[in-house]
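Read off the chains here:
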Amino acid sequence: MDQQAIFLTFRLAAFTTLILLAVSIPLGYWLAFGQARWKPLVEAAVALPLVLPPTVLGFYLLVLLGPQTAVGRALSTIFGHPLAFSFAGLLVGSVIFSLPFAVQPITSGFRSVDREILEAAQVLSDDRIRILRKVLLPLVRPFLLTAAVLAFTHTVGEFGVVLMIGGGIPGVTKTLSISIYDQVQDFAYRQANSTALLLLSLSFLALLIIYGRRGRAGV
Amino acid sequence: MSEYLRIDVEHTLGELTLRVDCALSAPWTVLFGPSGAGKTSLLRVLGGLTRPHRGRVVLHGRTLADSSNGTWVSPAQREIGFVTQRPTLFPNLNVTANVSFGLRGLSGRASEERVVQMLELFQASQLARRMPADLSGGERQRVALARALAPQPRLLLLDESFTALDAGLKSLILEELTDWLSKHKVPALYVSHDVAEAFQTAGDVVVIEKGQIKAQGPPETVLASQREQLLRQLDSSRTAAK
């Protein structure tokens, strides 16, 4: 099995999950409770990776992160190198591609909180962070777990976006799914099978965690 | 007690248009009316949970809402305690953490003392470490009352808050509560649709129907002016009870 690809994939999935949780909690809160008229626009943008072919997303990210755009040049200055075909570029792509898998469960979690409980907290405290930390987040914990597991496993299984942005450079951007693709191209079915089996087991375990927790939490 | 609350608001919610223009001065006022009359809507406007389309709310001389100049004080800054019909305790916090949730600017020790005092007032000291899921309906409501009073609000809103309590406990709690409110000079506005309860307990009664105030004043005056309608309502609530 490709040890480098395993390490890289899990590092990418861990960072992506952490970033997604940090982004999705405030975004999910706003989508659940905000009243802006342009909210559907944001909801549609967040859900876009669900329906978009990964190659389309990967292509636009590749263009956006390249030296021809202001964003690409700015990111190159920050990171000291172009983001395309680098781990940082892969991370940006993964975060965008897996965004709906984290935001949607968290938004559903916030929406499921009894409105009267939220109002009781608002009558007692003005501190939104305190209400979020002490009341809301504990109530949506099963949804946070679902978001984290989905974001992690979805990142582990990414192929199209990773290939477009990263190009499959060994040790830099070559993840497990690309490793399987390369092994199959080389007729190395035995290695491809063991890598695929790892991904299959991981995916099954993730779903088992989600459904197990849902059963216990009654979600 | 002199006038403490001045309300002049208009708010449309579905088919109900709330048009209320009144002042309250009795320490214990019962807001009375049939279901769907706008009692809860009015309490939500006072508590800051609903922003009225037009009007003004002034509590103890402080403007809480004024649509003419955009004044809007958030629910937590209004110094109003609010206890709803269905006790909404925070399910992940124990009773002590629930009661202390609204306490600000107190030291840890002062906060603990306040919680103990409030739980004692509502005969709930033995529940301090329990979680809301382990409490009966009546126990939850007592904790909700303790939580609402712990920050020492300047007005208490009670939306049929005693329906989950049995008759004996209800009268005991009511007695303790009114004593505490009178000692701390905190007025209360109590929503009820029970004619007998409304007229037995009230200092003043405000009768609301279809979003508008039909009568206001001491129980005997309101009873005399609204006799026919109240008797009809008493009959219908007795029929419903059967």
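Shown above is the structure to which this text applies.
Figured I'd write up the structure that's included with this text. (Residues numbered from 1 in each chain as written. Chains lettered and ligands numbered in written order. Predicted model: local features only at pLDDT ≥ 70, side-chain atom pairs only at ≥ 80, totals over all residues.)

1. Remarks on the overall build of chain A
Summing up its helical and strand segments, chain A has 11 helices and 0 strands in all. For chain A, the sequential pattern of α-helices and β-strands runs α-α-α-α-α-α-α-α-α-α-α. In chain A, which comprises 219 residues, the proportion classed as buried is 37%. The contacts of chain A with a sequence gap of at least 6 include a subset with a gap of at least 24, amounting to 73%. (Helix = DSSP H or I, 4+ residues; strand = E, 2+ residues; numbered from the N terminus. Buried ≥ 20, exposed ≤ 12 C-beta atoms within 10 Å, placed from the backbone. Contact = placed C-beta atoms within 7 Å.)

2. Some remarks on the pairing of strand S4 (residues 54-59) of chain B
Residue and element names in this part refer to chain B. The pairing of strand S1 (residues 5-13) with S4 spans 6 bridges and is classified as antiparallel. Pairing of isoleucine 7 across the sheet is with valine 57, part of S4. Direction of pairing for S4 relative to strand S5 (residues 62-66): antiparallel, over a ladder of 4 bridges. Across the sheet, arginine 56 pairs through a bridge with aspartate 66, a residue of S5. Counted between consecutive antiparallel strands, the loop separating S4 from S5 contains 2 residues, among which histidine 60 sits at a positive phi close to 50 degrees. (Pairing = 2+ DSSP bridges.)

3. Notes on the environment of A:Pro105
Residues and elements named next belong to chain A. Note on placement: proline 105 falls in helix H5 (residues 87-112). By the C-beta count within 10 Å, which is 24 here, proline 105 ends up buried. With 77 residues separating them along the chain, proline 105 and glycine 28 place their C-alpha atoms 8.4 Å apart. Aside from chain neighbours lying at most four places away, what touches proline 105 is Phe143, Thr146, Ala147 and Leu150.

4. So, the nonpolar core
The biggest cluster of nonpolar side chains holds 108 residues, and the ones touching the most others in it are A:Ala102, B:Leu31, B:Ala146 and B:Leu157. If one sorts the elements of this core by residue count, H5(A) sits on top with 10 residues. Taken domain by domain, the makeup of this core includes at least three residues from each of domain 1 (1-79 + 156-242) and domain 2 (88-152) of chain B. Excluding residues that lie within four positions of it along the chain, B:Ala146 makes contacts with B:Val99, B:Met118, B:Leu119, B:Leu121, B:Phe122 and B:Ala124. (Core = buried A, V, L, I, M, F, W, Y, C linked by C-beta atoms within 7 Å. Domains from an automatic or database assignment.)

5. Overview of helix H3 (residues 108-121) of chain B
All names here are of chain B. Taking 1.5 Å as the rise per residue, H3 with 14 residues should run 20 Å; its terminal C-alpha atoms sit 20 Å apart, in good agreement. Within H3, burial applies to Val115, Met118 and Leu119. Summarising the axial view, the buried residues of H3 lie within an arc of 95 degrees, below the 170-degree limit, and thus occupy one face. Among the exposed residues of H3, those oriented more than 90 degrees off its buried face are Arg109, Ala110, Glu113 and Glu120. Contact partners of the buried residues in H3: helix H2 (95-100) and helix H4 (137-149). The first or second residue beyond H3 is glutamine 123, which carries a positive phi of 50 degrees. (Expected span 1.5 Å × (residues − 1). Arc of directions from axis to C-beta.)

6. Concerning the interface of chain A and chain B
Each partner contributes residues to the interface: chain A has 15 residues there, and chain B has 16 residues. When residues of the side of chain A that touches chain B are assigned to their parent elements, the largest contribution, 8 residues, is made by helix H6 (residues 115-124) of chain A. Class assignment of the residues belonging to the side of chain A that touches chain B gives a composition of 8 nonpolar, 2 polar and 5 charged. (Nonpolar A, V, L, I, M, F, W, Y, C, P; charged D, E, K, R; others polar.)

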